[in-house]
Amino acid sequence: MEIPYAESFRIKMVEPIRRSTREERECWIKDAKYNLFALRSDHVFIDLLTDSGTGAMSDRQWSAIMLGDESYAGSSSYFNMKKAIKDILGFDYFLPTHQGRAAENVLFSVLVKEGDVVPGNSHFDTTKGHIEFRKATAIDCTIDEANDTQNEHPFKGNIDLGKLEEVFKKYPKEKIPFVCVTVTCNTSGGQPVSMQNIKDVHALAKKYDIPLMFDSARFAENAYFIKKREKGYENKTIKEIVREMFKHVDMMTMSSKKDAIVNIGGFTAFRSEELFRKASTFNIMFEGYITYGGMSGRDMNALAVGLDEGTEFDYLETRIKQVEYLGAELDKYGIAYQRPVGGHAIFVDALKVLPNVPREEFPAQTLGVELYLESGVRGVEIGAILADRDPVTRENRYPKLELLRLAISRRTYTNNHMDVIAASLKNVFDRRDSIKRGFKIIYEAPIMRHFTVELDRA
Ligand SMILES: *Cc1c(COP(=O)(O)O)cnc(C)c1O
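Residues numbered from 1 in each chain as written. Predicted model: local features only at pLDDT ≥ 70, side-chain atom pairs only at ≥ 80, totals over all residues. Heavy atoms only, no water.

## Quick notes on a nonpolar patch on the surface
Let me state the cut-off plainly: In this scheme, patches are assembled from residues that exceed 30% relative accessible area and form no salt bridge. Like charges are connected within 9 Å, while nonpolar side chains (Val, Leu, Ile, Met, Phe, Trp, Tyr) are connected within 5 Å. Areas reported as accessible are Shrake-Rupley estimates using a 1.4 Å probe. Residue values count occlusion only from the protein chains shown. By convention in these notes, a salt bridge is any Lys or Arg side-chain nitrogen within 4 Å of a carboxyl oxygen on Asp or Glu. Numbering of helices and strands runs from the N terminus, with a helix taken as a DSSP run of H or I at least four residues long and a strand as a DSSP run of E at least two residues long.
Together, F9, I11 and V14 make up a nonpolar patch on the protein surface, roughly 320 Å² of accessible area in all. Assignment of secondary structure puts F9 in the segment before α1 (22-31).

## Thoughts on the site of the ligand
The criterion, for reference: We call a residue near a molecule or strand as soon as one heavy atom of that residue lies within 4 Å of the molecule or strand. Here a polar contact means two N or O atoms within 3.5 Å. Within protein one must be a hydrogen donor candidate and the other an acceptor candidate, and residues neighboring in sequence count only if both atoms are side-chain atoms.
The environment of the ligand is made up of 15 residues, and the closest members are Q99, R101, D215, S255 and K258. Note that an oxygen atom of the ligand is positioned 2.9 Å from one of the side-chain N or O atoms of R218. Between the ligand and K258, the relevant distance is 2.7 Å, taken from an oxygen atom to a side-chain nitrogen or oxygen of the residue. Out of a free accessible area of 380 Å², the ligand has 97% covered by protein chains.

## Points about the domain arrangement of the protein chain
Short version of the rule: Domains are outlined according to an automatic or database domain assignment. Contact definition: two residues touch when any of their heavy atoms are within 4.5 Å. Buried area adds together the accessible area that both of two parts lose upon being put together, with accessible area traced by a 1.4 Å probe.
Here the protein chain is described as being made up of domain 1 (22-51 + 312-457) and domain 2 (59-309). For domain 1 and domain 2, the distance between their C-alpha centres works out to 26 Å. Of the residues lining the interface, 34 residues belong to domain 1; the matching set on domain 2 comes to 39 residues. Of the roughly 3,000 Å² buried at the junction of domain 1 and domain 2 (both faces included), carbon and sulfur atoms supply 53%.

## So, the layout of surface pockets
Where empty space is left in the structure can be found by rolling a water-sized probe over the atoms. We count it as follows: Using a 1 Å grid laid over the protein atoms alone, points where a 1.4 Å probe fits but cannot get out form a cavity; open sets with protein on both sides within 12 Å along at least 5 of 7 lines form a pocket; any residue with an atom within 4 Å of a point counts as lining. Grid points are joined across faces, edges and corners, and a volume is the space filled by probe spheres set on the points. As a working rule, the residues Ala, Val, Leu, Ile, Met, Phe, Trp, Tyr, Cys and Pro are called nonpolar, Asp, Glu, Lys and Arg charged, and the rest polar, with Gly in that last group.
Computed from the structure, the largest pocket encloses a volume of approximately 1,600 Å³. Those elements that provide at least two residues to the lining of the largest pocket are α2 (59-66), α12 (313-332) and α16 (415-430). The dominant element in the lining of the largest pocket, judged by the number of residues it contributes, is α12, at five residues. Partitioned by chemical class, the residues of the lining of the largest pocket number 15 nonpolar, 14 polar and 15 charged. Residue assignment places the lining of the largest pocket across two domains, with domain 1 (22-51 + 312-457) and domain 2 (59-309) each supplying three or more. Considered as a void within the structure, the second largest pocket measures approximately 940 Å³ in volume. Lining the second largest pocket are 37 residues, with K128, D140, T187, A387 and P399 positioned closest to its centre. For the lining of the second largest pocket, the elements supplying multiple residues, two or more each, are α5 (125-133), β4 (137-140) and α15 (384-387). The leading source of residues in the lining of the second largest pocket is α5, at five residues. Among the residues forming the lining of the second largest pocket, the class breakdown is 17 nonpolar, nine polar and eleven charged.

## Description of the packing of helix α6 (residues 161-170) against helix α7 (residues 195-207)
Helices that pack against each other are described as a pair by the angle of their axes relative to one another and the distance between those axes. Rule in force here: Note on geometry: axes are C-alpha line fits, over the in-contact stretch for helices, and angles between N-to-C directions span 0 to 180 degrees. Small angles under 35 degrees read as roughly parallel and large ones over 145 as roughly antiparallel, with 65 to 115 read as roughly perpendicular and the rest as oblique. What makes a crossing left-handed is the near helix being turned counterclockwise from the far one by less than a right angle; a clockwise turn instead makes it right-handed.
In the contact formed by α6 and α7, the axes pass within 11 Å of each other and the chain directions differ by 15°. Accordingly, the angle class assigned to the pair α6 and α7 is roughly parallel. Read as a crossing pair, α6 and α7 show a hand that is right-handed. Across the interface between the two elements, L161, L164, E165 and F168 of α6 pack against D200, V201, L204, A205 and K207 of α7.

## Considerations on the sheet that holds strand β9 (residues 345-349)
Stated formally: Note on pairing: two strands pair once DSSP finds at least 2 bridges between them.
Read from one edge of the open sheet, three strands run β9-β12-β11, paired in antiparallel fashion. The outermost strands of the open sheet, each flanked by one partner alone, are β9 and β11 (380-382). Strand-to-strand twist in this sheet, taken as the mean axis angle between neighbours without regard to direction, amounts to 35°. Bridge count between β11 and strand β12 (residues 403-407): three bridges; the pairing is antiparallel. Bridging from a neighbouring strand, I382 pairs with L403 of β12.

## Examining empty space enclosed by the protein
A complete count under the given rule lists one cavity of 30 Å³ or more for this structure. Taken as a whole, the largest cavity spans an internal volume of roughly 70 Å³. Lining the largest cavity, in full, are N35, L36, F37, Q365, V380, E381, I385, H450 and V453. The residue makeup of the lining of the largest cavity, split by class, is five nonpolar, three polar and one charged.

## What to know about the environment of R40
Relative to the elements of secondary structure, R40 occurs in the loop between α1 and β1 (46-47). Taking the C-alpha atoms as reference points, R40 and R19, 21 residues apart in sequence, are found 13 Å from one another. Here the side chain of R40 touches D42 through a polar contact of 2.9 Å, side chain to side chain.

## Focus on unusual backbone geometry
Put simply, V183 and T184 share a cis peptide bond, and its omega is -20°. Here T184 is to be found in the loop between β5 (179-182) and α7. In this model, R339 is joined to P340 through a cis peptide bond whose omega is -15°. Here P340 is to be found in the loop between α12 and β9.

Structure, rendered in structure tokens:
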């Protein structure tokens with residue numbers, strides 16, 4: 001018989017989690033104004049809100065924590081991080097920041113001005129927020145296939161070169177500070193960008209003399225998909241693929257809470273010394289001195305180890321096979337999600353699972369609340385609440401997709417937990433005909449409203 005697949009780790013430390021009753025959950029979610037972010041984590045059984053900073057660190061990372069050097073300037077931990085960034089990503093210059101959005105804040109403070117446009121592939125919410133906050137515009141150039149959840153295109157994060165060139169032709173070069181390529185593309189479903197597309201975007205941007213940036217939070221998962229899905233890469237190591245990906249870009253931002261498997265941290269890295277110098281000023285203002293920038297020495301040490309572990313094939317295979325396992329369970333029940341399975345999460349197609357809830361009443365949020373009520377599983381809405389209002393007209397924006405994201409934390413849950421998630425979704429799906437109403441907004445912040453929005457039953 002064929003030997004089945006098993007995880008490439010064993011468990012050395014555990015953390016208890018508790019089931020609750022439906023009555024308890026009904027009170028808690030009402031008190032939270034039906035915003036899943038407002039729940040206490042001990043009122044959640046399986047937490048799929050995000051895979052950001054929620055992973056389990058390894059024994060190597062925890063031992064690196066003990067060796068952290070907390071010197072204000074020039075700590076050995078900074079140099080460990082510098083070496084990992086140079087060895088794995090190939091950049092000579094970098095600035096540590098407290099997380100990914102801080103890296104955006106530092107870099108965009110140098111590069112993005114009022115009236116600019118930043119083309120890219122479904123910019124992440126904080127990325128878009130930092131662009132719009134500077135009165136600039138993010139232009140989504142993702143391929144159209146990404147908008148059809150049932151299309152099995154292997155690289156749905158790809159940029160449409162035609163759309164990108166239109167932007168290059170429409171705006172003068174001075175108005176386009178860079179192209180932002182998100183690897184993998186979180187907002188469209190953890191979907192990867194192919195090496196060929198990276199090369200093509202690089203060539204096109206070069207023709208118009210526009211720099212290229214990676215929003216790199218899940219770059220290692222992107223490399224895994226290149227290895228698995230793109231011809232010519234099957235025999236390359238993840239680290240070789242990563243080096244080749246980054247060869248094409250001028251700079252990057254990183255949320256280390258994702259593929260560097262730490263609980264907090266980030267950085268921005270550059271090829272240009274001049275850009276590094278300019279960004280250093282903002283780093284010192286917003287984050288901290290250039291050799292720690294909002295991170296402790298111990299966290300920089302763990303990050304350096306995490307970059308190494310996160311780009312190992314066995315680790316990535318264990319992780320992504322678990323996401324695929326959940327996808328296969330949902331297939332058994334006919335529950336639609338963004339196909340093929342993404343790197344870090346399943347994005348359930350709420351319009352197909354709850355077809356009777358009107359768009360104006362937020363079907364993906366409704367599905368998130370129903371799933372929580374069912375079994376204490378917490379996901380997150382990637383739909384109209386997240387899409388926010390148009391900055392000019394202030395009208396609600398309705399994206400093509402209404403998704404409930406179920407993000408899987410790294411090295412944290414077992415496949416038994418995946419079974420609970422799938423069965424819970426099946427139960428909600430089975431009673432879809434009785435779920436006709438969703439939610440209305442009773443409070444919202446002027447920007448990035450999803451974090452603090454308050455809702456009531458419509
Ligand atoms: C998480 C993430 C960010 C922001 O990083 P934080 O660490 O949460 O501030 C930016 N871009 C992408 C693609 C992300 O996934």
